[in-house]
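Structural overview for review
One-letter residues, chain by chain:
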Amino acid sequence: MGQTLTEKILSAHLVEGEMIKGSEIGIRIDQTLTQDATGTMAYLEFEAMGVPRVKTERSVAYIDHNTLQSGFENADDHRFIGSVCKKHGIYFSRPGNGICHQVHLERFGIPGKTLIGSDSHTPTGGGIGMIAIGAGGMDVAVAMGGGTYYITCPKVVKVNLTGALRPWVAAKDVILEVLKRLSVKGGVGKVIEYCGDGVKTLSVPERATITNMGAELGATTSIFPSDEITREFLKAQGREQDYTPLAADSDAVYDEIVEINLSELEPLAACPHSPDNIKSIKELEGQKIDQVCIGSCTNSSLLDMMKVAHILKGKTVHPDVSLAIAPGSKQVLNMLANNGALAIMIDAGARILESACGPCIGMGQSPNSKGISLRTFNRNFEGRSGTKDGQIYLVSPETAAVSALTGVFTDPTTLGKMPNIKLPKKFTINDNMIAAPVPAEDMDSVEVLRGPNIKPFPVSQPLADTINAGVSLKVGDNITTDHIMPAGAKILPLRSNIPKISEYCFAVCDEKFHDRALEMGKSIIIGGSNYGQGSSREHAALAPLYLGVKAVITKSFARIHMANLVNAGIIPMTFANENDYDKIDQNDELKIENVKEQLSSGNTVNVTNITKGFDFEVNVEVSARQKEMLYAGGLLNYTKQNA
Ligand code: MIC
Ligand code: SF4
């Protein structure tokens, strides 16, 4: 029986377990990446492990999220990360060099390698044939120290691409179509593998747009084969030596097959407030818009920007629209500056932003009240833009650019003949903004620079015998990490200070949560299905830990958040009978007796609702290793215990 590409790469990196779908496997990690908003915690954790130098083939730290420096905090964090990198063997991509996923694809990604990153859009690397997975900062810290990374051995979905995209229909429309069919829960426990004749019609940056936004499916990752097009891309980046051809066997067996004829696709939009709320641009055509933002790790490649410049050439942004453009990397921005495309954008009235995440994470450019904003980004969760009633639509760069000119939703296929915009034969290469670490023998001479906002992470206690705790919050389905631990320009600078950032925990849902949880001392959160979707931020687990949350009981969890809860020593529980969700209210007193004993003998635990006087069962779907972590009170305690 042939193997899928996913199985080939995973089994070549297998260090623990067997390739049995649904069971836990441990894999060796070749590369890691971090960004600044999750990086400070990851490096504090790495320091706490006491490993002098990273043991991966390549570890890179990027500064791209917290670049709006309206106080000392972010700049201090950048300096801290830079100094840790220099000392411990990590490459440091300085602020201004670009968005982590874009730069990693350009300069470091290698087909067939494994990459984990403390950012949920790490699967961007799947565009170049890597197994690239988003993880919590602590998992990344462990991998940097040479430790194994654990995942559930995934099912593999084949997306068979046939045909070719019509002019002005984009890679973004492909992934929006996949989201329409599979939903934000459809990828959980799965890797999405793209195959078929249509693959060879897509460039590496287009493939990366598709794998990037596979994160929104809840998938473990997404991957494309590595072929001649991959070789051309690597060659143009001066890295042809990194190329290896990779593909699934022709008789590979998949768990699911999705057929997509690229020729039949049309321009689409993800409507507020979910990436799977899809409509065609035709359905929205004519509606007035207020803002357009082009950029983010999904759509900020040179190819995207060149198409945008072509559309804007000689025109002016509509008087009622604000257009912001953030090219994804220094390489992209530099090439746009040299080939004249940047001047075209400026001339049309675009507001050029630095190469960073920017508006995607609410770092500036929040839309006006009830503002309709078209963005080429990957997430449109409520409030994420910084404007609570902002109406965010996710669209392709082509749709975004043409709509910025007309002031209304406009279908780009009406633009007529499309120019033949190709990737350059050679990108402009200058890695002068990537600082190399000092040699190991000089590491003692490097001082780690800590700002006053950098506080140690909260310590978790070993698991108590009995948990007696009230329900501090009850929430519904599809709660995102942007609900649990919001981002934005005001809160992001607190990422290194858990006591302070926890004041905003769940503030979007209930402003009194923080005070109530602290008052209760110990508590439990009740959630619906797909709890914790979205970001990899472990702050969504560390803040609840700091506030005394002992367990979260839901209908189901998103993958990265569930792992982060276990890493923090908080028990993730799912209702054995979903109807019990309706029978529990906020402030109910719950009791779980002999937790450890119950967990040791199986994966079901009995919970008593003392207030309402009934018992119910919950499942704790974790591995034996994760149980040990829960007993120890989280991954750090567990790692120290076993050191
Ligand atoms: C995001 O897109 O939500 C982020 C900000 O990049 C996060 C990471 C973070 O919260 O720092 C992610 O996707 O993991
Ligand atoms: Fe940055 Fe947005 Fe990409 Fe997250 S999704 S890494 S915030 S650009």
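The paragraphs below set out a description of the structure included in this document.

Cut-offs applied
Residues numbered from 1 in each chain as written. Chains lettered and ligands numbered in written order. Predicted model: local features only at pLDDT ≥ 70, side-chain atom pairs only at ≥ 80, totals over all residues. Heavy atoms only, no water. Helix = DSSP H or I, 4+ residues; strand = E, 2+ residues; numbered from the N terminus. Rg over C-alpha atoms; globule rule 2.2 N^0.38 Å. Buried < 20%, exposed > 50% of the residue type's maximum accessible area, 1.4 Å probe, protein only. Contact = heavy atoms within 4.5 Å. Areas by Shrake-Rupley, 256 points an atom, 1.4 Å probe, with all protein chains shown as cover. Lys, Arg positive; Asp, Glu negative; His and termini not counted. Charge placed at Lys NZ, Arg CZ, Asp CG, Glu CD. Near = heavy atom within 4 Å. Nonpolar A, V, L, I, M, F, W, Y, C, P; charged D, E, K, R; others polar. 1 Å grid on protein atoms, 1.4 Å probe; cavity = no way out; pocket = protein on both sides within 12 Å on 5 of 7 lines; lining within 4 Å. Points joined across faces, edges and corners; volume = space filled by probe spheres on them. Phe/Tyr/Trp six-rings, centres within 6.5 Å; stacked < 30°, edge-to-face > 60°. Lys NZ or Arg CZ within 6 Å of the ring centre and 35° of its normal. Axes fitted to C-alpha atoms, helices over the stretch in contact; angles between N-to-C directions. Parallel < 35°, antiparallel > 145°, perpendicular 65-115°, else oblique. Left-handed = near helix turned anticlockwise from the far one by under 90°. Salt bridge = Lys/Arg side-chain N within 4 Å of Asp/Glu carboxyl O. Pairing = 2+ DSSP bridges. Polar contact = N/O pair within 3.5 Å; in protein donor to acceptor, adjacent residues only side chain to side chain.

1. Focus on the overall build of the protein
Of regular secondary structure, the protein possesses 21 helices and 27 strands. Computed over the C-alpha atoms, the radius of gyration of the protein is 24 Å, within 12% of the 26 Å expected from 2.2 N^0.38 for a compact globule of 643 residues. Once the C-alpha set of the protein is aligned to its principal axes, its extents read approximately 70 × 55 × 55 Å. Across the 643 residues of the protein, 63% fall into the buried class. Excluding contacts between residues fewer than 6 apart, the proportion of contacts in the protein whose partners are at least 24 apart in sequence is 77%. When the accessible surface of the protein is summed, it comes to about 22,300 Å², and 49% of that surface belongs to carbon and sulfur atoms. Measuring between centres, the 62 positive side-chain charges of the protein sit 4 Å from its 72 negative side-chain charges.

2. Quick notes on unusual backbone geometry
Note on backbone geometry: most residues besides glycine have negative phi, and most peptide bonds are trans. The residue after Pro272, namely His273, is reached through a cis peptide bond having omega -10 degrees. Residue position: His273 is located in the loop between strand S13 (268-270) and strand S14 (278-280). Even without being glycine, Ser183 reaches a positive phi, approximately 75 degrees. Within the secondary structure layout, Ser183 lies in the loop between helix H6 (171-182) and strand S10 (190-195).

3. Details of the site of ligand 2
Ligand 2 sits among His65, His101, Asp119, His121, Ser296, Cys297, Cys357, Cys360, Ile361, Asn378 and Arg384. Class assignment for the residues of the shell around ligand 2 results in 4 nonpolar, 5 polar and 2 charged.

4. Side note on the layout of surface pockets
The space that makes up the largest pocket amounts to roughly 1,100 Å³. Lining the largest pocket are 48 residues, and of these Ile151, Thr152, Arg559, Met562 and Gln626 sit closest to its centre. Breaking the lining of the largest pocket down by element, the ones donating at least two residues are helix H5 (137-144), strand S8 (149-152), helix H18 (559-568), strand S24 (571-575), helix H20 (624-632) and helix H21 (635-642). When residues of the lining of the largest pocket are assigned to their parent elements, the largest contribution, 6 residues, is made by H18. Taken as a whole, the second largest pocket spans an internal volume of roughly 730 Å³. Looking at the second largest pocket, it is lined by 28 residues, and the ones nearest its centre are Ser203, Glu206, Ile421, Lys422 and Leu423.

5. Brief notes about the packing of aromatic side chains
Given two aromatic rings, one states the distance between the centres and the angle between the planes to describe the pair. Counted according to the given criterion, the structure contains 8 aromatic pairs. On the numbers, 4.7 Å between centres and 5 degrees between planes, the contact of Tyr194 with Phe224 is stacked. Linking Tyr194 in strand S10 with Phe224 in the loop between strand S11 (221-223) and helix H8 (228-236), this pair joins segments that are 30 residues apart in sequence. In this structure Phe224 comes out as buried when scored by relative accessible area, which is 0%. Above the face of the Tyr91 ring, Arg58 is positioned so that its terminal group lies 4.5 Å from the ring centre. Between Arg625 and the ring centre of Tyr150, over which it is positioned, the NZ or CZ distance is 3.6 Å.

6. Points about the packing of helix H10 (residues 302-312) against helix H12 (residues 341-348)
In the contact formed by H10 and H12, the axes pass within 9 Å of each other and the chain directions differ by 50 degrees. By the angle between their directions, the pair H10 and H12 is classed as oblique. The handedness of the crossing between H10 and H12 comes out as left-handed. On the side of H10, the interface is formed by Met305, Met306, Val308, Ala309 and Leu312, while H12 contributes Ala341, Ile344, Met345 and Ala348. Its residues assigned to classes, the contact of H10 with H12 shows 9 nonpolar, no polar and no charged.

7. Section: the pattern of salt bridges
Under the defined criterion, the tally for this structure stands at 30 salt bridges. Notably, a salt bridge pairs Asp227 with Arg207, separated by 2.9 Å at the nearest N-O pair. In this pair, Asp227 sits in the loop between S11 and H8 while Arg207 sits in helix H7 (residues 204-212), placing the two residues 20 residues apart along the sequence. You'll find Asp227 and Arg207 in the same group, each marked buried. For Glu232, the salt bridge identified is with Arg231, shortest N-O distance 3.6 Å. Of the residues examined, Glu232 reaches a relative accessible area of 36% and is grouped as partly exposed. Three or more residues joined by partner-sharing salt bridges are found here, namely Glu228, Arg231, Glu232 and Glu240.

8. Brief notes about the sheet that holds S11
Strand order in the open sheet made by the 4 strands is S11-S10-S9-S12, with parallel pairing throughout. Each edge of the open sheet carries a strand with a single partner, namely S11 and strand S12 (256-261). Direction aside, the axes of adjacent strands within the sheet are offset by 20 degrees on average. Pairing analysis gives 3 bridges linking S10 to S11, with the strands arranged parallel. Among the inter-strand pairings, Val191 is bridged to a residue of S11, identified as Thr221.

9. What to know about the site of ligand 1
The environment of ligand 1 is formed by 14 residues, the closest being His65, Asp119, Ser120, Ser536 and Arg537. In the model, an oxygen atom of ligand 1 is placed 3.0 Å from a nitrogen or oxygen of the Gln35 side chain. Ser536 places a main-chain nitrogen or oxygen 2.7 Å from an oxygen atom of ligand 1. Classifying every residue of the shell around ligand 1 by side-chain character gives 2 nonpolar, 7 polar and 5 charged.

10. What to know about the side chain of Thr38
Tracing the sequence through the fold places Thr38 in helix H2 (residues 36-49). Within polar-contact distance, the side chain of Thr38 engages the side chain of Ser118 at 2.7 Å. In this view, Thr38 contacts Ser118, Arg495, Ser536, Arg537 and His539; residues no more than four positions away in its chain are not counted.

11. Considering the environment of Gln69
Assignment of secondary structure puts Gln69 in the loop between strand S4 (58-62) and helix H3 (72-88). Each C-alpha atom, one on Gln69 and one on Asp465, is 45 Å from the other, the two residues being 396 residues apart in sequence.

12. Regarding the side chain of Asp580
Mapped onto the secondary structure, Asp580 falls in the loop between S24 and strand S25 (589-592). Residue class for Asp580 comes out buried when judged on its relative accessible area of 7%. Residues contacting Asp580, with those up to four places away along its chain left out, are Phe575, Phe614 and Phe616.

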